[in-house]
Amino acid sequence: MSEVAIQIRGMNKFYGTFHALKEINLTVQKGDRIVICGPSGSGKSTMIRCVNRLEEHQAGVIEVLGTELNDEVGNIDVIRRDVGMVFQHFNLFPHLTVLDNCTLSPMLSRKVSQAEAEKTAMMYLERVKIPEQAEKFPGELSGGQQQRVAIARALCMKPEILLFDEPTSALDPEMISEVLEVMVELAQDGMTMLCVTHEMGFARQVADRVIFMDKGEIVEEGPPEDFFNSPKEERTRTFLQQILSH
Amino acid sequence: MTALDHAEIRAMGPSLTESLRRRYFSSPGNTAISLVGGALLLWIVWTVLNWAVFKSVWTTPDGTSEVCKGIDGACWAVIHQRGRLIIFGLFPYEEQWRSTLACVAMLITAILSCVPWFWNALRLAMLWVVGFAIFYILMRGGFLGLLSVRPSEWGGLTLTVFIYAAGILVGMPMAIAFALLRRSELPVISGFIAGLIDGVRSLPLITILFAAALIMPFILPGWLQGDKIWRVIFGFGLFFAAYQAEIIRSGIQALPVGQEEAAKALGMSYFHRTTRIILPQAFRNALPPTINQFVITFKETSLVVIVGFFEVLASGNAAYGSGEWSFAYVEVYVFVGLIYYVFVFSLSRYGAYLERRMRVGQH
């Protein structure tokens, strides 16, 4: 039987009086590949940011890899080490080389030796097809290359789960495919993935489940063939028409 | 004409006489201004050289100011005769070699800590512990057969360099701590630090030095008082820290939130996020105002005279203060000014070097 990676039950999130997430329920098994889509402001980024506690929820339960995230979590850093994240704006560390970006946290947080960390880093940089950029600084790379470095950096922590927060939204069109290619390969290798993205082609190709969110709620959830071919909810149909019409 | 010819012409550029003509003599009006301006410049250079070099007296054979009677130029003999007072203050004459070595030790320590190889906590700490130990042993004496010299007798350039280095060394860790604590999520802590910074900034440095030198002995228990010089250095460091903390905080605020989030998402601890991601970038952002603060602080060391320390400027005043040399105050001030200039200009150039160095990789 597959293990539960993430369990969210009745989760609510407020910004002041604004109700950002309403009664979210979601179960993610290990190896699941889930795509989350929805109009901007629908709370999809906020939801995955709650999974590694970059945002705190106010009500309900979030369990990640068997540990409940709340104020009693002894050390949230320990859980974050098993939950990688790739950001819309890459967020590479500009004062460090590509290689140092990849080796810093494994060496500091996982106490991996430098030689070992560099070996792992080069392996993942090869996997995202930019080993030759290892000695450069992030500012010297294109957007697509930076995002692939960011993926390699997350992988170097050997996480159980990877969160993607609109990883291709800040990229020029010609660079989107090189990042998606890497993500597809990861998905095929069995990585547990939660992707907030508008790349519906990617969703069709790799997702086990597609989740549609609107106004802080999960409106509809299902396998991609059902989701795209016979959406049940009116809001989903409207969204799909808008996003697929061009 | 081919494109290549154009490129060649551009590479050669106009000749020197041609570019001079274009820049300064392009019209009768410009020619007139250039001529008048050039003549004025020549006159100033000539007058200064005349005073400082051609008509000046450099040494005094008999140790009196007789040689300077009736000359038009500078009387540098005052520096020859009284220079040691400016550099060493009231430090005992026979022991001044110690003050020289101590000053050199402090300068070497400061210069070495500018070398990138020393830029990690352990090496910097070792360097400064050794530097201060050498300085203190040499200056204080009282053992190893060295004559004991109380800090109240320290003075001159050596004292200036010491108060500056020690003040910054005490102040910088405080500044970093203030900047970080002021960003604390606990309102009690951030509020307290904000109040402290505002409080210290609202007081003139002189007030703080007075309080450190004269009032603290009434408040602190005897074992905590230490020598006056340490209390003054602490006050000086606190004043520096209040300003530097806000400079560091501005550097932190300028960072995109994504930097801290990315470090969090990688599971890095608060300590590692702060020391490896936030502070290195914050210092980069805040480099120009930091150098500014270092320069201002160097010049502020002259205020310690108010609590009875004869740093380089006060020693300069004493150097022409005796009736015999009282006419030579311009020469003394020029000399002391040159000392300040050498220090501050070196700092500025070092700042420029750092900016160039840090620009690498930040496109």
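Residues numbered from 1 in each chain as written. Chains lettered and ligands numbered in written order. Predicted model: local features only at pLDDT ≥ 70, side-chain atom pairs only at ≥ 80, totals over all residues. Heavy atoms only, no water.

Some thoughts on the overall build of chain A
When its secondary structure is counted, chain A shows nine helices and 10 strands. Taken over C-alpha atoms, the radius of gyration comes to 18 Å for chain A, in line with the 18 Å a tight globule of 246 residues would show. With the C-alpha coordinates of chain A rotated into their principal frame, the extents come out at 55 × 45 × 40 Å. Each of the 246 residues in chain A was classed as buried or not, and the buried ones make up 58%. With an accessible surface of roughly 10,400 Å², chain A has 47% of that area assigned to carbon and sulfur atoms. Taken as two groups, the 25 positive and 37 negative side-chain charges of chain A have centres that lie 2 Å from each other. (Helix = DSSP H or I, 4+ residues; strand = E, 2+ residues; numbered from the N terminus. Rg over C-alpha atoms; globule rule 2.2 N^0.38 Å. Buried < 20%, exposed > 50% of the residue type's maximum accessible area, 1.4 Å probe, protein only. Areas by Shrake-Rupley, 256 points an atom, 1.4 Å probe, with all protein chains shown as cover. Lys, Arg positive; Asp, Glu negative; His and termini not counted. Charge placed at Lys NZ, Arg CZ, Asp CG, Glu CD.)

Some words on the sheet that holds strand S8 (residues 192–196) of chain A
Residues and elements named next belong to chain A. Read from one edge of the open sheet, six strands run S6-S7-S8-S3-S9-S10, paired in mixed fashion. Lying at the two open borders of the sheet, with one neighbouring strand each, are strand S6 (83–86) and strand S10 (217–222). Ignoring strand direction, the axes of neighbouring strands in this sheet form an average angle of 20°. Taken together, the five bridges between strand S9 (residues 209–214) and S10 define a ladder with antiparallel strand orientation. The residue bridging Val 210 from the neighbouring strand is Gly 222, located in S10. Strand contacts of helix H5 (residues 143–155): S6 and strand S7 (161–165), with the helix running at about 175° to S6, the strand carrying the most contacts. (Pairing = 2+ DSSP bridges. Axes fitted to C-alpha atoms, helices over the stretch in contact; angles between N-to-C directions. Contact = heavy atoms within 4.5 Å.)

Structural notes on the domain arrangement of chain B
Each domain of chain B was delimited in the assignment, giving domain 1 (15–54) and domain 2 (77–362). Using C-alpha coordinates to define each centre, domain 1 of chain B is positioned 42 Å away from domain 2 of chain B. (Domains from an automatic or database assignment.)

As for helix H4 (residues 77–88) of chain B
A rise of 1.5 Å per residue sets the reference length of H4 of chain B, with its 12 residues, at 16 Å; its end C-alpha atoms lie 18 Å apart and thus fit the reference within 8%. Within the span of H4 of chain B, buried status applies to Ala 77, Val 78, Ile 79, Gly 83, Ile 86 and Phe 88 of chain B. (Expected span 1.5 Å × (residues − 1).)

Here we look at the interface of chain B and chain A
The interface of chain B with chain A comprises 23 residues on the first partner and 25 residues on the second. When the buried surface of chain B facing chain A is broken down by residue, Glu 261, Ala 265 and Leu 266 of chain B rank first, second and third, together holding 28% of it. Linking chain B to chain A there are two salt bridges. A salt bridge links Arg 49 of chain A to Glu 261 of chain B, with the shortest nitrogen-to-oxygen separation between them at 2.6 Å. Counting every contact that joins chain B to chain A gives eight residue pairs in polar contact (both at pLDDT 80 or more). With eight residues, helix H13 (residues 270–285) of chain B is the largest single contributor of residues to the side of chain B that touches chain A. Across the side of chain B that touches chain A, the residue classes break down as nine nonpolar, nine polar and five charged. (Buried area = accessible area lost by both parts, 1.4 Å probe. Salt bridge = Lys/Arg side-chain N within 4 Å of Asp/Glu carboxyl O. Polar contact = N/O pair within 3.5 Å; in protein donor to acceptor, adjacent residues only side chain to side chain. Nonpolar A, V, L, I, M, F, W, Y, C, P; charged D, E, K, R; others polar.)

Side note on the environment of Val 67 of chain B
Residues and elements named next belong to chain B. The topology assignment puts Val 67 in the loop between helix H3 (28–54) and H4. Of the residues examined, Val 67 reaches a relative accessible area of 29% and is grouped as partly exposed. For the pair Val 67 and Val 57, spaced 10 residues apart in the sequence, the C-alpha separation amounts to 7.4 Å. Leave out the neighbours within four places in its chain, and Val 67 touches Val 57, Thr 59, Thr 60, Pro 61 and Ala 77.

Comments concerning the sheet that holds strand S2 (residues 18–29) of chain A
All names here are of chain A. Here we have four strands laid out as an open sheet, ordered S2-S1-S4-S5, and antiparallel in their pairing. The open sheet is flanked by S2 and strand S5 (67–68), the only strands paired with a single partner. Direction of pairing for strand S1 (residues 4–15) relative to strand S4 (residues 59–64): antiparallel, over a ladder of five bridges. Counted as the bridge partner of Asn 12 is Ala 59 from S4. Strands S1, S2 and S4 of the sheet are contacted by helix H1 (residues 44–51), whose axis makes an angle of about 120° with S1.

Brief notes about H1 of chain A
All names here are of chain A. The element H1 is largely enclosed, with a buried count of eight among its eight residues. Among all positions of H1, only Lys 44, Ser 45, Thr 46, Met 47, Ile 48, Arg 49, Cys 50 and Val 51 are buried. In the segment just after H1, Arg 53 is the residue with positive phi, at about 60°.

Points about the state of the cysteines
Covalently bonding the sulfur atom of one cysteine to the sulfur atom of another cysteine gives a disulfide. Counted according to the given criterion, the structure contains one disulfide over all chains. Between the sulfur atoms of Cys 68 of chain B and its disulfide mate Cys 75 of chain B the distance is 1.8 Å. Between Cys 68 of chain B and Cys 75 of chain B, the disulfide has an S-S torsion of 70° and is therefore right-handed. Considering cysteine sulfurs only, Cys 195 of chain A is the nearest to Cys 50 of chain A, which forms no disulfide, with 17 Å between them. Owing to a relative accessible area of 1%, Cys 50 of chain A belongs among the buried residues under this scheme. (Disulfide = S-S within 2.5 Å.)

A closer look at the pattern of salt bridges
All names here are of chain A. Applying the stated criterion to the full structure yields 31 salt bridges over all chains. Close ionic contact of Arg 53 with Glu 56 constitutes a salt bridge, the shortest N to O distance being 3.9 Å. Here Glu 56 falls in the partly exposed class, since its relative accessible area comes to 44%.

Here's the deal with the packing of helix H12 (residues 257–265) of chain B against H13 of chain B
Residue and element names in this part refer to chain B. Where H12 contacts H13, the axes come no closer than 10 Å and their chain directions differ by 165°. Relative to H13, H12 is oriented roughly antiparallel. Note that H12 runs across H13; the crossing there is right-handed. Here Gln 259, Glu 260, Ala 263 and Lys 264 of H12 come into contact with H13, specifically with Arg 273, Ile 277, Ile 278 and Gln 281. (Parallel < 35°, antiparallel > 145°, perpendicular 65-115°, else oblique. Left-handed = near helix turned anticlockwise from the far one by under 90°.)

What about the packing of H4 of chain B against helix H15 (residues 312–321) of chain B?
Residue and element names in this part refer to chain B. Contact geometry of H4 with H15 gives a least axis separation of 7 Å together with a crossing angle of 150°. The orientation of H4 with respect to H15, classified from their angle, is roughly antiparallel. Between H4 and H15 the crossing geometry is right-handed. Of the residues in H15, those touching H4 at Arg 82, Leu 85 and Ile 86 are Val 312, Ser 315, Gly 316, Ala 318 and Ala 319. In terms of residue class, the contact of H4 with H15 is made up of five nonpolar, two polar and one charged.

Observations regarding unusual backbone geometry
Residues and elements named next belong to chain A. Positive phi, close to 45°, is recorded for Glu 23, a residue that is not glycine. Mapped onto the fold, Glu 23 is located in strand S2. Backbone geometry at Arg 53 places phi at a positive 60°, although glycine is not the residue there. Here Arg 53 lies in the loop between H1 and S4. Classification of Arg 53 by relative accessible area gives buried; the value is 11%.

Quick word on the nonpolar core
Buried together is how nonpolar side chains tend to be arranged in soluble globular proteins. If you look at the biggest cluster of nonpolar residues, it comprises 122 residues, and the most contacted ones within it are Ile 36 of chain A together with Trp 154 and Phe 162 of chain B. At 14 residues, the largest contribution of residues to this core is made by helix H7 (residues 156–182) of chain B. Every residue in contact with Ile 36 of chain A, bar those within four places of it in the chain, is listed here: Lys 44, Met 47, Ile 48, Leu 194, Cys 195, Val 196, Thr 197, Ile 211 and Met 213 of chain A. Among the nonpolar cores identified, the runner-up in size contains 50 residues, and Ala 121, Ile 151, Leu 162 and Ala 203 of chain A belong to it. (Core = buried A, V, L, I, M, F, W, Y, C linked by side-chain atoms within 4.5 Å.)

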